[in-house]
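Coordinate inspection notes
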Amino acid sequence: MNVLKFGGTSVGTVSSLENVRSIVESLPSDTVVVVSALGGLTDKLIATAHLAAAGGDWASEADAIAERHYNIIEGIVRQENKANTLNVVDALLDELRRTYEGVSLISDLPAKTLNVIVSLGERMSAPIVAGAIKNARLHNSLDFVKTEKWFDKNIADSILTHNLIVREFADLANGPHVTGGFISQDRDSGEITNLGRGGSDYTAALIAAALDAEMLDIWTDVDGFMTADPRIINDAKVLPSMSFIESMELCTFGAKVIYPPTIYPVFHKNIPIRILNTFNPEAPGTLISDSSDSKDYPVKGVTAVKNTCLVRLSGNLTEHVAQINTRAYNALARNGVSVFLLAQPGENKEFSFAISSSDQGMAYRSLNEEFVPELLDGSLKNISFEENLSTIAVVGEGIRHMKGLDGRILNTLLRLGIRTLACSEGNSDTTASFVVEEKDTVEAIKAIHGLFF
Ligand code: ASP
Ligand code: MG
């Protein structure tokens, strides 16, 4: 069986939903379909929540949201399901209005309440899509996708979720099955939570892994993974295939094709992922599996993560490089800060790491705590942060065989007058990364992409 996930643009209009319907109705009845909220709706739900908290006119926004759902129900839901779908969606719209009203009354938007508000996107889209597809059975993801608290984040409790999915879809042949992505429930408190923005892909991967699917199809609005963001590189190419690791690296370093946590559960079970285009279903798409086409495409792509912050430890650190790196890395990891580039220390023995700007405060606290002895005895002089940077990544399993790759890239950037503040340790693995100033992002991507494609 296959699990299919359709993103917001795929379920955003009556005409795109017609494509979804014909794709799903052509497949066997054990197919599981995971859907996002209608395109753009999650952003709208959030913006309206803030508007309500600020005393603005949330009611007309809520009317527009209702109108959009009614039009889609009218245009796509099967006649025999219409009354029931309308009832379900009406009750949810009512919950939405009451919640906005509450937010407006208290002029405050608690995180818990915002989670309820955003959940309504998928809670409404799933019954609509189910109502549009012949014989479809609707499932409620809140019943089987469970999260636990981890610092201030909600993360999936994968074992519990796995067991609940197996139970929920026991009668698999009797579908197709439709469920909402992204939304979840705290396993302890029962509060509504979610898997993070873009999390519908992850829901689909959890289901595919639990049901031992043959394939996870991510239906989106592009022809597949590309060698770069096509808004920056207008002749960027679609990649026919790549490995799990390559896709993971590309997504971690800014490719917006799939939500990064999606890859782990299916990678673990060796279930391939296909990226397909709802608006061009004949296109071959990109196949992500355990093998990589390193001959035609030794490099798969060039990506960038903006909002990079470079942390520098400077002083006369006597310990081994590896020890300092490990201590810093562990201290950050313990506090939920991920490091996406560990730079090699230069002559001045300065250690630097790239993190996301949003983690700066936490990084400051954890490193100051970890290096108390060194700060006291003076061997560590300073922990400093530089902001407004981007990390540019070159990803491909073929790069480990490319001699002098770092040098070539550094020279290219230098010739263009682009300052490189750090570069990753060697290029022995799948990714070589470089930190540049944020203002140079586009120029750096163009120059580096030009070296390979
Ligand atoms: N609707 C959610 C979002 O916009 C989840 C998703 O589409 O994957 O982030
Ligand atoms: Mg997405």
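Here is a short report on the structure shown in this document. (Residues numbered from 1 in each chain as written. Chains lettered and ligands numbered in written order. Predicted model: local features only at pLDDT ≥ 70, side-chain atom pairs only at ≥ 80, totals over all residues. Heavy atoms only, no water.)

Side chains of Trp150, Phe151 and Ile155 sit close together on the surface and give an oily, nonpolar patch of about 270 Å² of accessible area. Within the fold, isoleucine 155 resides in strand S5 (residues 153-156). (Patch = residues over 30% accessible without salt bridge, like charges linked within 9 Å, V, L, I, M, F, W, Y side chains within 5 Å. Areas by Shrake-Rupley, 256 points an atom, 1.4 Å probe, with all protein chains shown as cover. Salt bridge = Lys/Arg side-chain N within 4 Å of Asp/Glu carboxyl O. Helix = DSSP H or I, 4+ residues; strand = E, 2+ residues; numbered from the N terminus.)

This part is about the packing of aromatic side chains. All chains considered together, the criterion is met by seven aromatic pairs. Pairing tyrosine 202 with tyrosine 259 gives two aromatic rings, centres 6.4 Å apart and planes at 65 degrees, and the pair type is edge-to-face. With tyrosine 202 in helix H7 (residues 200-210) and tyrosine 259 in the loop between helix H8 (244-252) and helix H9 (263-268), this pair connects stretches of sequence that are 57 residues apart. Note on phenylalanine 253 and phenylalanine 340: the rings are 6.2 Å apart at their centroids and 85 degrees apart in plane angle, and the pair reads as edge-to-face. Placement of the pair is phenylalanine 253 in the loop between H8 and H9 and phenylalanine 340 in the loop between helix H10 (321-334) and strand S14 (341-342), with a sequence separation of 87 residues. For the pair formed by phenylalanine 253 and phenylalanine 340, the shared burial category is buried. (Phe/Tyr/Trp six-rings, centres within 6.5 Å; stacked < 30°, edge-to-face > 60°. Buried < 20%, exposed > 50% of the residue type's maximum accessible area, 1.4 Å probe, protein only.)

Neighbouring ligand 1 are the residues Ser36, Ala37, Thr42, Glu122, Phe182, Arg197, Gly198, Gly199 and Ser200. At 2.8 Å from an oxygen atom of ligand 1 is found a side-chain nitrogen or oxygen belonging to serine 36. Measuring from a nitrogen atom of ligand 1, one finds a side-chain N or O atom of glutamate 122 at 2.6 Å. A total of 260 Å² of accessible area belongs to ligand 1 in isolation, and the protein chains cover 86% of it. Each residue belonging to the shell around ligand 1 can be placed in one class, and the counts come to two nonpolar, five polar and two charged. (Near = heavy atom within 4 Å. Polar contact = N/O pair within 3.5 Å; in protein donor to acceptor, adjacent residues only side chain to side chain. Nonpolar A, V, L, I, M, F, W, Y, C, P; charged D, E, K, R; others polar.)

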